[in-house]
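# A closer look at the structure
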Amino acid sequence: MSIPGFGAEAQVYSETGSKGLVEVAIPEGSEWRIEVPHKTILKFKVTEGVAEIFGTELPINVELQISGTKTMVYAPIIYETFKNKTVMSNESEEIVEYLSNDSVMANYINLHLVVEAMRQQVSDNNILNPTELQSGPRVLIVGNGNSGKTSLAKLLSAYAIKSDSTPVLVNLNPRDGVFSLPGSLTATPISDSLDVESANGWGFTTTSGSLFHNPKQPIVKNYGFVDVNENLDLYKYQVSKLGVTVLSRLEEDIACRNGGVIIDTPALGIKDFTVIENIVSDFEVNLIVVLGNERLMIDLKKRFKHKSALQIVKVPKSEGLVEVDEAFIRRTQEESIKEYFNGNYKTRLSPFKTDIDVNDHTIYKCVLSSDVNSALSFLPAEPSSSNLDNSILAITQLPSTHKSGRELLNTSILGYVHVSKFDDAKGKIKVLLPFPGGFPRNMLISTNIGFNE
Ligand SMILES: Nc1ncnc2c1ncn2[C@@H]1O[C@H](COP(=O)(O)OP(=O)(O)OP(=O)(O)O)[C@@H](O)[C@H]1O
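Residues numbered from 1 in each chain as written. Predicted model: local features only at pLDDT ≥ 70, side-chain atom pairs only at ≥ 80, totals over all residues. Heavy atoms only, no water.

Opposite charge on two side chains allows them to pair when their charged atoms are near. In this structure the tally under the stated criterion is 19 salt bridges. Across the salt bridge formed by Arg 119 and Glu 116, the nearest N and O atoms sit 2.6 Å from each other. You can see Arg 119 and its partner Glu 116 sitting in helix α1 (residues 105-128), three residues apart, about one turn around the helix. Of the two residues, Arg 119 and Glu 116, both sit in the buried class. Between Asp 253 and Arg 249 there is a salt bridge, and its shortest N-O distance comes to 2.9 Å. Ionic contacts of the salt-bridge type, sharing partners, join the residues Arg 330, Arg 331, Glu 334, Glu 335 and Lys 338 into one network. (Salt bridge = Lys/Arg side-chain N within 4 Å of Asp/Glu carboxyl O. Helix = DSSP H or I, 4+ residues; strand = E, 2+ residues; numbered from the N terminus. Buried < 20%, exposed > 50% of the residue type's maximum accessible area, 1.4 Å probe, protein only.)

Put into C-alpha cells, the structure is as follows:
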C-alpha cells in the first residue's frame, strides 16, 4: 500500500457483495476519471469522505446519475487515511473509469485562492470606501480547443460559491449553451451550487416547477450559430452588448461587483487576437488565464504590454482531458435541448405544445457572413416548412410592434421554443414551449440550431 500524499497508487476496491456494485477509494489529491457514453447511465454515490466534480462537492450517501459525459471525481483532502469512497454500479462495459494521481487540481485551487484574495481586497475596499467602489477580478480563460477551459470555469465558479462569493459567469462559447440553449451567449450570477447531473454539468435555468438546485437566471444574447466563424461580426457585436450588460450589473449589485466575472471562451489562439482584445475591453478583464499554452501566454503578454493593470498567467492542462469528437458534442447539445424542455430524471418539466399563427408574429433569421454584405443584421425570414421544421426559435424581449430588424441586435432573449412542424397551407406553426402560458407577441428569431424531438 502506498502512503497518502506520496504518489499514492490508484486502487479500485473489489466487489462489495451486491451484484454490480464496485467500491472505489480515491486517495487524497487523486482523480477518478470517468467516461460515460450517451444512453448509458452511471449511478454512484459517495459513501465516505469528501469528493467533488470540478469544484462542486458531492453529497454523502445520495445516489447520483451521470450520462453522456467525460468527467472526474476529485478527492481534495485526506479523510481517515485514504477513505474517500464512492460506490458505483457499473454493469456497462462501455464505461471507462480509472484512478489517477496525476492531477493539476492543486494549481487550479491555488488560482482560485489568488482570485478569492483579489475579491477579498475589493470587498474590504468597498466597505471602507463606499464612494470609490471597485470591481472584483474579471477573469478571462483562454486556450486551445479541448484544453479544459470550461472545466476550469466550472471549478472557479464552484469554489467561489464555497467561498461565499457571487461571480457572474459569462459563457462566450455558443457551442455550449450554459443555463440556456446552444447558440446563445449568456451571463449568469452564480450564487448556488451547480448541478453535476445535468446534461452539460451546469444546471437548469428557471422553470415553472420546483428544482433540486436553485435555478440560475442568465441574461441571454442570441447568436444563433454554434461556430463563432459563421458570423464573426455578429458574434463580436453580441459579446460587446453582453459586456455592457454585465458591467452595468456589477455597478448595480454589490455582491456581483465584489465577486467579479469568470469568462469561458471558445478555442482562441493568437490569430484570434482581435476577438481576445475585444473581450478584454468589453468586460474590463484584469486577469487572463491561459491554459497550457506557453506560446500563447508570451504572445498575449507582448501584445498587451501597454496594459499595465492586466495580469496574464498560465496554468497547466490536465492529463485527464479527453478528446471530444463532433458527434459527442452534437449529442450533448441535443441532450441539453431535451433537458431545457423536458427536464431530467430528477426534474420532470411539463412542456406545452401549441399552434401559433405565423401572421401574428414577425420572424427574422440569423445570417451567415458569407450571405450578406453587412453581416450585422437579422433578415426577415420567409416562413416555410423547409426552413422552420425541427428548428429552434428565440423569443426576443422586443414586442412585435417594432418593425425594424436592426433593433434585434440590441435585445435579449426571453426564452426558446422548438418548432416541430410548420403547416404551409394553414400558416400555423406547431411549437413546443418550456412551460404553459400565452405565447408572447414578441419578435422571433429563427436560429440555425436544429433539433429532432
Ligand atoms: N481531469 C479530467 N479528467 C477527466 N476528464 C476531464 C478532466 N478535465 C476535463 N475533462 C473533460 O475533458 C473534456 C474537455 O474539457 P473542457 O470542455 O473543459 O475543455 P474546453 O477547453 O472547454 O473545450 P472546448 O475548447 O471544446 O470548449 C470535457 O469532457 C471535460 O469534462
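Picking up after the structure, the text goes on.
The interhelical angle for the contact between α1 and helix α2 (residues 149-162), taken along N-to-C directions, is 50 degrees, at an axis separation of 10 Å. With respect to α2, the element α1 is oriented oblique. For the crossing formed where α1 meets α2, the hand is right-handed. In this structure, α1 contributes Met 105, Tyr 108, Ile 109, Leu 111, His 112, Glu 116 and Arg 119 to the contact, and α2 contributes Leu 152, Leu 155, Leu 156, Tyr 159 and Ala 160. (Axes fitted to C-alpha atoms, helices over the stretch in contact; angles between N-to-C directions. Parallel < 35°, antiparallel > 145°, perpendicular 65-115°, else oblique. Left-handed = near helix turned anticlockwise from the far one by under 90°. Contact = heavy atoms within 4.5 Å.)

Let's shift gears to the pairing of strand β19 (residues 391-399). For β19, a buried count of seven out of nine residues is recorded, marking the element as mostly surrounded by other parts of the structure. Sheet analysis places β19 next to strand β20 (residues 413-423), joined by six bridges and oriented antiparallel. The residue bridging Thr 396 from the neighbouring strand is Ile 413, located in β20. The sheet contact formed by β19 and strand β22 (residues 442-450) spans five bridges and is antiparallel. Of the residues in β22, the one forming a bridge with Ser 391 is Gly 450. (Pairing = 2+ DSSP bridges.)

Let us look at helix α5 (residues 273-282). Phe 273, Val 275, Ile 276, Ile 279, Val 280 and Asp 282 are the residues of α5 that are buried. Buried residues along α5 sit in contact with β9 (138-143), α3 (232-252), β13 (261-264), β14 (287-291) and α6 (294-303).

This part takes up the packing of aromatic side chains. To describe a pair of aromatic rings, you give the distance between the ring centres and the angle between the ring planes. Summed over all chains, the structure comprises seven aromatic pairs. Ring centres 5.8 Å apart and planes at 85 degrees place the aromatic pair Trp 32 and Phe 44 in the edge-to-face group. You can call Trp 32 buried: its relative accessible area is 0%. Ring geometry for Tyr 223 and Tyr 235: centres 5.5 Å apart, planes at 75 degrees, overall edge-to-face. You can see Tyr 223 sitting in the loop between β12 (219-222) and α3 and its partner Tyr 235 sitting in helix α3, a full twelve residues away along the chain. (Phe/Tyr/Trp six-rings, centres within 6.5 Å; stacked < 30°, edge-to-face > 60°.)

Around the ligand, the surrounding shell holds 21 residues, and the nearest of these are Lys 70, Ser 147, Lys 149, Thr 150 and Ser 151. Note that an oxygen atom of the ligand is positioned 2.6 Å from one of the side-chain N or O atoms of Lys 149. Contact with the protein chains covers 89% of the free accessible surface of the ligand, which is 630 Å². Secondary structure elements with two or more residues in the shell around the ligand: β3 (31-48), β6 (64-74) and α2. Residue contributions to the shell around the ligand reach at least three from each of two domains, namely domain 1 (11-102) and domain 2 (105-315). (Near = heavy atom within 4 Å. Polar contact = N/O pair within 3.5 Å; in protein donor to acceptor, adjacent residues only side chain to side chain. Areas by Shrake-Rupley, 256 points an atom, 1.4 Å probe, with all protein chains shown as cover. Domains from an automatic or database assignment.)

Among the nonpolar cores identified, the biggest contains 57 residues, and Val 170, Phe 283, Ile 288 and Leu 300 are the most heavily contacted of them. Among the elements that take part in this core, α3 stands out by supplying eight residues, more than any other. Counting residues domain by domain, this core receives three or more from each of domain 2 (105-315) and domain 3 (350-450). In this view, Phe 283 contacts Arg 138, Val 170, Leu 172, Val 239, Leu 242, Gly 243, Val 246, Leu 247 and Ile 263; residues no more than four positions away in its chain are not counted. (Core = buried A, V, L, I, M, F, W, Y, C linked by side-chain atoms within 4.5 Å.)

With numbering aligned to this structure, UniProt lists the feature "binding site: ATP" at Glu 31, Lys 70, Asn 146, Ser 147, Gly 148, Lys 149, Thr 150 and Ser 151. Judged by relative accessible area, Gly 148 falls into the buried class, the value being 11%. Dropping the residues within four chain positions of it, Gly 148 is found in contact with Leu 291 and Leu 321. With respect to the secondary-structure elements, Lys 149 resides in helix α2. For Lys 149, a relative accessible area of 7% gives the class buried. In this structure Lys 149 touches Ile 141, Val 142, Gly 143, Asn 144, Asp 264, Thr 265, Pro 266, Ala 267 and Leu 291, once residues within four positions along its chain are discounted. (UniProt positions renumbered as here; feature names shortened; annotations may be inferred.)

For the rest of this paragraph, the subject is the environment of Asn 452. Looking at the secondary structure, you find Asn 452 in the segment after β22. Counting along the chain gives 50 residues from Asn 452 to His 402, while the straight-line C-alpha distance between them is 31 Å.

Moving on to α2. Between its terminal C-alpha atoms α2 stretches 20 Å, which fits the 20 Å expected from 14 residues at 1.5 Å a residue. A large share of α2 lies buried, amounting to eleven of its 14 residues. Among the residues making up α2, those that are buried are Lys 149, Leu 152, Ala 153, Lys 154, Leu 155, Leu 156, Ser 157, Ala 158, Tyr 159, Ala 160 and Ile 161. Phi turns positive one or two residues past the end of α2, at Asp 164, with a value near 70 degrees. (Expected span 1.5 Å × (residues − 1).)

Overall, mixed pairing links the seven strands, which are arranged β12-β11-β10-β13-β9-β14-β15 in an open sheet. Strands at the two margins of the open sheet, each flanked by one partner only, are β12 and β15 (311-315). Averaged over neighbouring strand pairs, the angle between their axes works out to 15 degrees when direction is ignored. Pairing between strand β10 (residues 168-171) and β13: four bridges, direction parallel. Across the sheet, residue Asn 171 finds its bridge partner in β13, namely Asp 264. Across the sheet, α2 is in contact with β9, β10, β13, β14 and β15; its angle to β9 comes to roughly 155 degrees.

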